[in-house]
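Descriptive analysis of the structure
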Amino acid sequence: MVPFIALTGGFVVLRLIGLAGVDILDGWQPALRGALALMFAFTGVPHFLPSWRRDFVAMIPPAIPHKELMVTLTGVLELAGAAGLLYPPLAPYAAIGLALLMLAMFPANVSAARRGLTLAGKPVTPLPTRTALQVLFIAAAVAAAA
């Protein structure tokens, strides 16, 4: 639920800052890009924290090899994408890249939900809720790219 809160709360706060006169955030798209960057910072950093990392490795479907490498790669891509969202010339490319990354990572979320895994000691988000969130996150990334 933290990614959802980061995205929605970040968007509201950044949009209000833009409306208050901060030109760089004056518009829904810059606020959305900033909120997505915040969300991906929150989701990317745990890829490198030992307790979270173990859970991320466990989430990857059994058939996929090099699980540790995949967790590192997805964490790096999430953080690089977050940074790219904050640099206007790169933002559309970063947003599309992150949308594709979310599509690629969704099977791990499905696998984790079906296997009843935990993340940081809590059950992973149930599949129907996770699917709805994933659609929202991808839609936000696509909108941020436009």
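Residue positions within a chain follow its written sequence, with the count starting from 1. Thresholds applied to this predicted model are a pLDDT of at least 70 for local features of residues and 80 or more for the giving and counting of side-chain atom pairs; totals over whole chains, interfaces and linings are not thresholded and use all residues. Think of the side-chain values as coming from all heavy atoms in the structure, minus any hydrogens and water.

1. Thoughts on the pattern of salt bridges
- For this analysis, a salt bridge means a side-chain nitrogen from Lys or Arg found within 4 Å of a carboxyl oxygen belonging to Asp or Glu. Under the criterion given, the structure shown has two salt bridges.
- For Glu68, the salt bridge identified is with Arg53, shortest N-O distance 3.0 Å. Of this pair, Glu68 sits in helix α4 (residues 67-85) while Arg53 sits in helix α3 (residues 50-59), and the two are 15 residues apart along the sequence.
- Exposed residues in this analysis have more than 50% of their type's maximum accessible area, buried residues have under 20%, and partly exposed residues fall in between, with area computed by a 1.4 Å probe over protein chains only. Given a relative accessible area of 17%, Arg53 falls into the buried group. Runs of E in the DSSP output that reach at least two residues are strands. Runs of H or I that reach at least four are helices, and both are numbered from the N terminus.

2. Quick word on the side chain of Arg53
- Polar contacts, as used here, are pairs of N or O atoms within 3.5 Å; protein pairs need one atom able to donate a hydrogen and one able to accept it. Residues neighboring in sequence count only if both atoms are side-chain atoms. At 3.0 Å, the side chain of Arg53 and the side chain of Glu68 are in polar contact.
- Contacts are assigned to residue pairs that have any heavy atoms within 4.5 Å of one another. Apart from residues no more than four positions distant in its own chain, Arg53 is found in contact with Pro46, His47, Phe48, Glu68, Val71 and Thr72.

3. Observations concerning helix α2 (residues 28-44)
- Under the convention used throughout, the expected extent of a helix is 1.5 Å for every residue step, that is, one less than its residue count. Helix length check: α2, at 17 residues, gives a terminal C-alpha distance of 24 Å against a target of 24 Å (1.5 Å per residue), a fit within 8%.
- Most of α2 is tucked away, with twelve of its 17 residues classed as buried.
- Looking at α2, one finds that the buried residues are Gln29, Ala31, Leu32, Arg33, Gly34, Ala35, Leu36, Ala37, Met39, Phe40, Thr43 and Gly44.
- On its buried side, α2 packs onto α1 (2-19), α4, α5 (91-114) and α6 (127-145).

4. Some thoughts on the packing of α1 against α2
- For the pair α1 and α2, interaxial distance at closest approach is 8 Å and the crossing angle is 150°. Along this stretch, α1 crosses α2, giving a crossing that reads as right-handed. Of the residues in α2, those touching α1 at Val2, Pro3, Ala6, Leu7, Gly10, Phe11, Leu14 and Arg15 are Trp28, Ala31, Leu32, Gly34, Ala35, Leu36, Leu38, Met39, Phe42 and Thr43.
- As a working rule, the residues Ala, Val, Leu, Ile, Met, Phe, Trp, Tyr, Cys and Pro are called nonpolar, Asp, Glu, Lys and Arg charged, and the rest polar, with Gly in that last group. Of the residues in the contact of α1 with α2, the class split is 14 nonpolar, three polar and one charged. Between N-to-C directions, angles span 0 to 180 degrees; the directions come from axes that are lines fitted to C-alpha atoms, helices contributing only their stretch in contact. The crossing is said to be left-handed when, going from far helix to near helix, the turn is anticlockwise and less than a right angle, and right-handed when the turn is clockwise.

5. A word on α3
- Of all the residues in α3, the buried ones are Arg53, Asp55, Phe56, Val57 and Met59.
- On its buried side, α3 packs onto α4, α5 and β1 (118-119).

6. Considerations on the packing of aromatic side chains
- Within 6.5 Å between ring centres, the rings of Phe, Tyr and Trp (the latter by its six-membered ring) count as paired, and their orientation is classed by plane angle as stacked under 30 degrees, edge-to-face over 60, tilted in between. Applying the stated criterion across every chain, the model contains one aromatic pair.
- For the ring pair Trp52 and Phe56, a centre distance of 6.1 Å and an interplane angle of 40° mean the geometry is tilted. With Trp52 and Phe56 both in helix α3 and four residues apart, this pair spans about one turn of that helix.
- With a relative accessible area of 31%, Trp52 lands in the partly exposed category.
- According to the relative accessible area criterion, Phe56 is buried, its value standing at 14%.

Geometric descriptors of this kind do not, in isolation, establish any biological role.
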